[in-house]
Every structure is written in structure tokens, then in C-alpha cells.
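What follows is each chain in one-letter form.
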Amino acid sequence: MGDFFISTRDIELYYADTDMMGVVYHANYLKFFERGRTGLIEDIGYNYLEMENEGYFAPVYDVYAVYKKPLRYGDQAKVKTWVETNDGIKTVYGYQIINQNEEICVEGTTTHIIVSKETFRPKPFKKIFPEWFNKYEEIKKQPTDK
């Protein structure tokens, strides 16, 4: 991967995370994405709860995931998370979930917008949280990063 900030978090896989095929159920990867996103936010000195206390949410606008290799109960896994794009309105986070052999099992993105808690109407991230926005600009993946 390129020269941009990547947050890494261990994922503990539980038996309850698996389906009848013995692999991690596909929807559980969204929880792992959230774990990674929360970790990235914490790593750079911010806190999602503080955003809520200020009167805003950052709901998921869309999700994309590609399942490349199954994870099974007993596997060791990590989620790597970075800021893919950040345009002032939408922020796209990138993810890779890797196993103990450093193989990519799932990769994907989630897109988030900022909304008012009261009205649920979109608000510009760039104006509501300018320092946070600027930090994302500093650490995000650049077009030349692979």
C-alpha cells in the first residue's frame, strides 16, 4: 500500500460470528469495518461520541465489499482502515480484512455523511468539523498511492 495513514485493529472471531458453513457470516464484516473506522478515528485523536455530543451523526451512505477468502472460527484477523476520499461532504473509508497469513479476505469501502441529530439533514463535514476534516486531508490516500 502507499504512503498514507493506515489504522490496524485485531479482530477476535467468535463462534457466533460464523454461519452454518463454518465461515464468518458476510454481514459481520460490516461490524469489523466499523471497528476499524472507530479505531482510525481514535488513532488520530478524535472520538465519534464527541461528534454525537456536538449534535451530529455520521451515518453510512453506502457500503461496498468484495469477499475474497473465507475467515473461519479460530483464524487470526485484522482490519486495516484508511481514508480513501474526503470531499467535504462525503468521506469514504477503505478497508482490508486480512488473516494470519496476511491474505486479504475482504476488502471494501463505506461512505459516510454528516447529518444533524435533530433534522437528519446533511451538513458539510468541512464546515462543521474543520480540524477533523483537515486531519483527514492530511492522512488520506492520495491518487498516486496504490
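For every chain, the first residue of the written sequence is number 1, and numbering continues from 1 onward in sequence order. pLDDT decides what is reported in this predicted model: residues at 70 or higher carry local features, side-chain atom pairs at 80 or more are listed and counted, and totals for whole chains, interfaces and linings draw on all residues regardless. Based on all heavy atoms of the structure, the side-chain values leave hydrogens and waters out of the count.

Take the overall build of the protein next. Here a strand is any run of E in DSSP of at least two residues, a helix any run of H or I of at least four, and the numbering for each starts at the N terminus. What the protein contains, in helices and strands, is four helices and seven strands. Listed by position from the N terminus, the elements making up the protein come as β-α-α-β-β-β-β-β-β-α-α. At 16 Å, the protein has a C-alpha radius of gyration in line with the 15 Å of a compact globule built from 146 residues. Judged by the C-alpha coordinates and their principal axes, the protein covers about 45 × 35 × 25 Å. Considering only intrachain contacts with a sequence separation of at least 6, the fraction spanning at least 24 residues in the protein is 66%. Carbon and sulfur atoms provide 49% of the accessible area of the protein, an area that totals close to 8600 Å². By the counting rule applied here, Lys and Arg register as positive and Asp and Glu as negative, while His and the ends of each chain are not counted. A single reference atom marks each charge: NZ on Lys, CZ on Arg, CG on Asp, CD on Glu. Charge separation in the protein, taken as the distance between the mean sites of 19 positive and 23 negative side-chain charges, equals 4 Å. The quantity called the radius of gyration is restricted to C-alpha atoms. Its globule counterpart is 2.2 Å times the number of residues to the power 0.38. Contacts: residue pairs with any heavy atoms within 4.5 Å of one another. Note on areas: Shrake-Rupley with a 1.4 Å probe; residue coverage comes only from the protein chains shown.

Let us now look at the environment of Asn53. Positionally, Asn53 belongs in helix H2 (residues 48–53). The sequence separation of Asn53 and Lys117 amounts to 64 residues, and the corresponding C-alpha distance is 9.6 Å.

Each nonpolar core is a collection of buried residues, namely Ala, Val, Leu, Ile, Met, Phe, Trp, Tyr and Cys, held together in the definition by side-chain atoms within 4.5 Å. Summary of the burial criterion: residues with accessible area below 20% of their type's maximum are buried, those above 50% are exposed, and those between are partly exposed, where the area comes from a 1.4 Å probe applied to protein chains only. With 28 residues, the main nonpolar core has Leu71, Ile97, Trp132 and Tyr136 as its most contacted residues. For this core, the element with the most residues is helix H1 (residues 28–43), which contributes five residues. With residues up to four places along the chain from it excluded, the contact list for Leu71 reads Leu13, Gly22, Val23, Val24, Tyr29, Ala77, Ile97, Asn99 and Cys105.

Let us look at the environment of Gly74. Mapping Gly74 onto the fold places it in the loop between strand E3 (60–67) and strand E4 (77–86). Exposure remark for Gly74: the relative accessible area of 56% places this residue in the exposed category. On a C-alpha basis, the gap between Gly74 and Tyr15 in space is 8.4 Å, while along the polypeptide they are 59 residues apart.

Considered as a void within the structure, the largest pocket measures approximately 240 Å³ in volume. Every definition here rests on a 1 Å grid over the protein atoms only: cavities are sets of points where a 1.4 Å probe fits but cannot get out, pockets are open sets enclosed by protein on both sides within 12 Å along at least five of seven lines, and lining residues have some atom within 4 Å of a point. As for the largest pocket, its lining consists of 17 residues, and the residues nearest its centre are Arg37, Ile41, Tyr48, Ala58 and His112. For the lining of the largest pocket, the secondary-structure elements that each account for two or more residues are H1, H2, strand E5 (90–99), strand E6 (104–116) and helix H4 (130–139). Counting residues per element, the lining of the largest pocket draws most heavily on H1, at four residues. Gly is placed with the polar residues, together with every amino acid not listed as nonpolar (Ala, Val, Leu, Ile, Met, Phe, Trp, Tyr, Cys and Pro) or charged (Asp, Glu, Lys and Arg). By residue class, the composition of the lining of the largest pocket is 12 nonpolar, three polar and two charged. Grid points are joined across faces, edges and corners, and a volume is the space filled by probe spheres set on the points.

A pair is scored as a salt bridge if a Lys or Arg side-chain nitrogen falls within 4 Å of a carboxyl oxygen belonging to Asp or Glu. Counted by the stated rule, this structure contains nine salt bridges. One salt bridge in this structure joins Arg9 and Asp43, with 2.8 Å as the shortest N-O distance. In this pair, Arg9 is assigned in strand E1 (residues 7–11) and Asp43 in helix H1, connecting sequence segments 34 residues apart. Among the charged side chains, a salt-bridge network with shared partners connects Arg9, Glu42 and Asp43.

That's the geometry; what it means functionally is another story.
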